[in-house]
Amino acid sequence: TQAAVEMRKETFTKYFPEVSATGLAFWTHNDVFEYNILDLIEIGFINKGKMASVQALQPVFMGGQIVNGNKLAAVGEEVARLRQRQSNDDLRLTTESLYWKLATLKATRQALKAAIATLDTLDNQVKVAVDAGIAMRNDLLKVQLKRNSYRTEMVDLDNGITLVKMLLGQYMGQGTEGNFDIECEVPREVPEFPSELYIPGKSALPMTVDYQLLQKNVEAKELEKRIEVGKNLPQVAVGAGWFYHDLLKQNHNFGALMVGINIPLSGWWGGSHAIKRKTLAIDNARNELVDLGEKLEIEMQDKWNNLTASHRKMDIAMEGIAESKENLRLNRLYYEAGMSTITDLLDAEASNKESIDEYIAAYGAFRVARSAY
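Residues numbered from 1 in each chain as written. Predicted model: local features only at pLDDT ≥ 70, side-chain atom pairs only at ≥ 80, totals over all residues. Heavy atoms only, no water.

> What is the right way to read the layout of surface pockets from this model?
Picture a little ball the size of a water molecule; that probe, rolled over the atoms, points out where space is still empty. By volume, the largest pocket is sized at about 1,100 Å³. In this structure, the largest pocket is lined by 30 residues; those nearest its centre are D89, T208, S371, A372 and Y373. Each residue belonging to the lining of the largest pocket can be placed in one class, and the counts come to 14 nonpolar, five polar and eleven charged. In this structure, the second largest pocket spans a volume of roughly 690 Å³. Forming the walls of the second largest pocket are 24 residues, and the residues nearest its centre are A107, A111, R188, I356 and I360. Elements with a contribution of two residues or more to the lining of the second largest pocket: α2 (65-132), α6 (267-336) and α7 (342-372). Ranked by residue count, the leading element in the lining of the second largest pocket is α2, at eight residues. (1 Å grid on protein atoms, 1.4 Å probe; cavity = no way out; pocket = protein on both sides within 12 Å on 5 of 7 lines; lining within 4 Å. Points joined across faces, edges and corners; volume = space filled by probe spheres on them. Nonpolar A, V, L, I, M, F, W, Y, C, P; charged D, E, K, R; others polar. Helix = DSSP H or I, 4+ residues; strand = E, 2+ residues; numbered from the N terminus.)

> When you look at α6 in this model, what are you seeing that I'm missing?
Each α-helix winds once per 3.6 residues, and so residues spaced three or four apart point in a common direction. For α6, spanning 70 residues, the distance from its first C-alpha to its last is 98 Å, which sits close to the expected 104 Å at 1.5 Å a residue. The positive-phi residue at the C-terminal boundary of α6 is G338, with phi of around 75°. (Expected span 1.5 Å × (residues − 1).)

> In this structure, what is going on with the sheet that holds strand β5 (residues 235-246)? I would like to understand it.
Strand order in the open sheet formed by four strands is β1-β4-β5-β6, and the pairing between neighbours is antiparallel. Of all the strands in the sheet, just β1 (18-27) and β6 (251-262) have a single pairing partner and so form its edges. When the angles between neighbouring strand axes are averaged without regard to direction, this sheet yields 15°. (Pairing = 2+ DSSP bridges. Axes fitted to C-alpha atoms, helices over the stretch in contact; angles between N-to-C directions.)

> Sorry if this is basic, but what is going on with the packing of aromatic side chains here?
The description of an aromatic ring pair rests on the distance of the ring centres and on the angle between the ring planes. Tallied over the full model, the rule gives nine aromatic pairs. For the ring pair Y198 and W304, a centre distance of 4.9 Å and an interplane angle of 55° mean the geometry is tilted. Here W304 lies in helix α6 and Y198 lies in the loop between α3 (137-171) and α4 (201-204), a separation of 106 residues in the sequence. Under the relative-accessibility criterion, W304 is labelled buried at 11%. (Phe/Tyr/Trp six-rings, centres within 6.5 Å; stacked < 30°, edge-to-face > 60°. Buried < 20%, exposed > 50% of the residue type's maximum accessible area, 1.4 Å probe, protein only.)

> I'm lost on the pairing of β6 in this one. Help?
The side chains of a regular strand alternate, first on one face of the sheet and then on the other. Bridging between β5 and β6 involves twelve bridges; their strand directions are antiparallel. Looking across to β6, one finds that V238 is bridged to V259. Joining the antiparallel neighbours β5 and β6 is a turn of four residues, in which K249 adopts a positive phi near 55°.

> Explain the packing of helix α5 (residues 209-230) against α6 to me, please; I cannot follow it from the model alone.
Running from N to C, α5 and α6 cross one another at 170°; their axes reach a closest spacing of 9 Å. Taken together, the axes of α5 and α6 lie roughly antiparallel to each other. Across the contact of α5 with α6, the residue classes tally to twelve nonpolar, four polar and nine charged. (Parallel < 35°, antiparallel > 145°, perpendicular 65-115°, else oblique.)

> What should I look at first to understand the packing of α2 against α5 in this one?
Any two packed helices are characterised by the angle at which their axes cross and by the distance between the axes. Closest axis-to-axis distance for the α2/α5 pair is 9 Å, and the angle between their directions is 160°. Regarding the angle of α2 to α5, the classification is roughly antiparallel. As α2 runs across α5, the sense of the crossing is left-handed. Here the residues of the contact of α2 with α5 sort into nine nonpolar, six polar and ten charged. (Left-handed = near helix turned anticlockwise from the far one by under 90°.)

Here it is, written out as structure tokens:
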């Protein structure tokens, strides 16, 4: 963006006169001018000298190249600012995605910790039953194996949390130490659907940075064509200067006013093709504006569909939690009554944990989909 600002300022200087100064001193081994008089005598003069000048040229009409060049530089600055907004949006979305990833990993860890605590309690209960001779030692081993698998899962989960913290810290400009934590809990109830966020695609399209960049591309191509036309128009400049020379051991200086006109004649041979090429570039930019604009509408609808689907998946996952909890409760009663095996109880406990994990993942996907939309 700063480079584009400097480019605009540089282009603006083309409105002002171009001032230059020149100095020259020379010595020759022969005289510059030599004359033979009647084959009798040779006369020569000027074998050294000095010259200097200072002149200023003010463009009066350059075929619109300066005006349109400044407009093009202004468009370039606007494009740079739009791309900066685009980068900021991408950065924010990535940061928010990492934030919710960390939040869901922490919630999953809490659920896993609770599942391990449940198995610890079950382990104690089965030990008592084995010691009393009413349960087989094989049941105790199954509980311990399941708990060990959860502990292994906890190790991977902790590593994942550490890695996401490093990434999130890096995106926030806090380095990769990960010396921070977030306070965010996954709600126990499904949040309300954010229907107020919806905007029809055609209404939202002009608000998007991507579409504005496409519009600026068309504007830039049109200005480039005007500049190309200007290259083949007459160019007029006026100026003034001061000149000095010392050639015949005489110091002499004088001032002058100048008018310069440049009319390209043969330039139109190639210039007409260059203008047609710029016209085709404008047509391409306009086609891209329509084509990619429609694709942006489709993309926005896709993001809304993702948001709708993620909220629906949260509802389904919440229903699954209620069902799995009831299933776990019944299987615990059946096991205690001797009507089911420890395998059935462990399967019910695993299903309950899985349903909780699915809800946590659905909530994280919902928050990311909301941010994306």
